[in-house]
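# Commentary on secondary and tertiary structure
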Amino acid sequence: MERREERELAAVKAYELRTKNKAELTKQLEELKQELASLKVQKVAGGSAGKLTKISAVRKSIARVMTVITQTQRAQLRLFYQKKNFLPLDLRVKKTRAIRRRLTKHEASVKTVKQQKKDTHFPLRKYAVKA
Amino acid sequence: MSINSDNSNRRGGNPLFLSTRYVIQQHAPDQDVEATITAQSFQTVRLTFFISACVTTTTQQTIKIAAPSDKNKALAAKKAALKGVNGQKARKIRTSTTFNRPKTLKLARSPKYARKSVPHVPRLDQYKVLKTPLNTESAMKKIEENNTLVFIVDVKSNKRQIKDALKKMYDVTALKVNTLIRPDGNKKAYIKLTADVDALDVANKIGFI
């Protein structure tokens, strides 16, 4: 087990992870979780200081792997739903509930033909007073 | 020549099947012979065949069977008037006094889009279930004397999940699992192992002795 710890990097790097495919990422995730479980056991058994500091590094590595997995997954899903009418709710814009219910910019700017004509023929004039 | 069934002197009974007197009228020659047999009158059919046998190929005359007479029409009209405009549906026969809600069509869901883009990975996997082993004095006593391991487990896990997690992580079968929730909010699991494995060996293998 110690040899395996020496072989692994101190911390995984996100840009290296993005080159991997899903199967490799899930395998790495499993390995990291196993390492974390063994570290926790060693903590109970009174492990060395080096081992105990490693715990936080491993936890963050697990977080990085999971982040890369979900990021690539969602990017792929957005591509898949690009041509479709309806998006799943978690891929839609979140903002706030009230903002989602507002009129869109286009809807708010729409004018009747009557109003457009008025604006064309009677625009707001700017005057200046000659000194 | 046409055959008209004369029902003027008829008394009661089914107008269609009584014997009737037939009046034979002469039609102009040079007309094709056609014997139209209606389903109504059997008597008329028999007569038609008799007549057509007598008629030679040179005489070309039509043989027509008469339409239902006015009296038949009147009787049909009376029946319809009695029935009324709305007509009457056949009533269902109810054999029980209980009325049960009729079963209607239940369509299965066919959503236009998935509400969640992708289902979540299982949230409570084996790494999450078993948190840490315990190596306190009372826990060590359990290992040596009762062949049980003592673990701190996730509060949301149940005994079956604890058993499976142990199997997956350390390849050990549990005989039975007892759980309790500690006052500090964690769950403690006493996992009794099968007699063929020694808890002390397993604890050494795991690494927390």
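Please refer to the structure higher up on the page.
Nothing here was measured: the structure is a model prediction, and the numbers come from that model. (Residues numbered from 1 in each chain as written. Chains lettered and ligands numbered in written order. Predicted model: local features only at pLDDT ≥ 70, side-chain atom pairs only at ≥ 80, totals over all residues. Heavy atoms only, no water.)

### Description of helix H2 (residues 70–83) of chain B
The terminal C-alpha atoms of H2(B), which comprises 14 residues, lie 20 Å apart, in line with the 20 Å expected from a rise of 1.5 Å per residue. Where burial is concerned, little of H2(B) is hidden: 1 out of the 14 residues are buried. (Helix = DSSP H or I, 4+ residues; strand = E, 2+ residues; numbered from the N terminus. Expected span 1.5 Å × (residues − 1). Buried < 20%, exposed > 50% of the residue type's maximum accessible area, 1.4 Å probe, protein only.)

### Considerations on the sheet that holds strand E5 (residues 174–181) of chain B
Residues and elements named next belong to chain B. Across the sheet, which stays open at both edges, the 4 strands sit in the order E3-E4-E6-E5 with antiparallel pairing between neighbours. Only two strands of the sheet have a single neighbouring strand rather than two, namely strand E3 (130–133) and E5. Strand-to-strand twist across the sheet, computed as the mean angle between neighbouring axes with direction ignored, equals 30°. Of the strand pairs in this sheet, strand E4 (residues 148–153) and strand E6 (residues 187–193) are connected by 6 bridges, and their pairing is antiparallel. Within E6, the residue paired with Val150 across the bridge is Tyr190. The sheet strands contacting helix H6 (residues 199–206) are E4 and E6, and the helix crosses E4 at an angle near 45°. (Pairing = 2+ DSSP bridges. Axes fitted to C-alpha atoms, helices over the stretch in contact; angles between N-to-C directions. Contact = heavy atoms within 4.5 Å.)

### Side note on the pattern of salt bridges
All names here are of chain A. Evaluation of the coordinates by the stated rule reveals 6 salt bridges over all chains. The shortest N-O distance in the salt bridge between Glu31 and Lys27 comes to 3.5 Å. On the criterion of helical spacing, the pair formed by Glu31 and Lys27 is a turn pair, its members being 4 residues apart in helix H3 (residues 22–44). Residue Glu31 is classed as partly exposed on the basis of its relative accessible area, which comes to 34%. Here Glu35 makes a salt bridge to Lys54, at a shortest N to O gap of 2.7 Å. Of the two residues, Glu35 is situated in helix H3 and Lys54 in helix H4 (residues 49–80); the sequence distance between them amounts to 19 residues. (Salt bridge = Lys/Arg side-chain N within 4 Å of Asp/Glu carboxyl O.)

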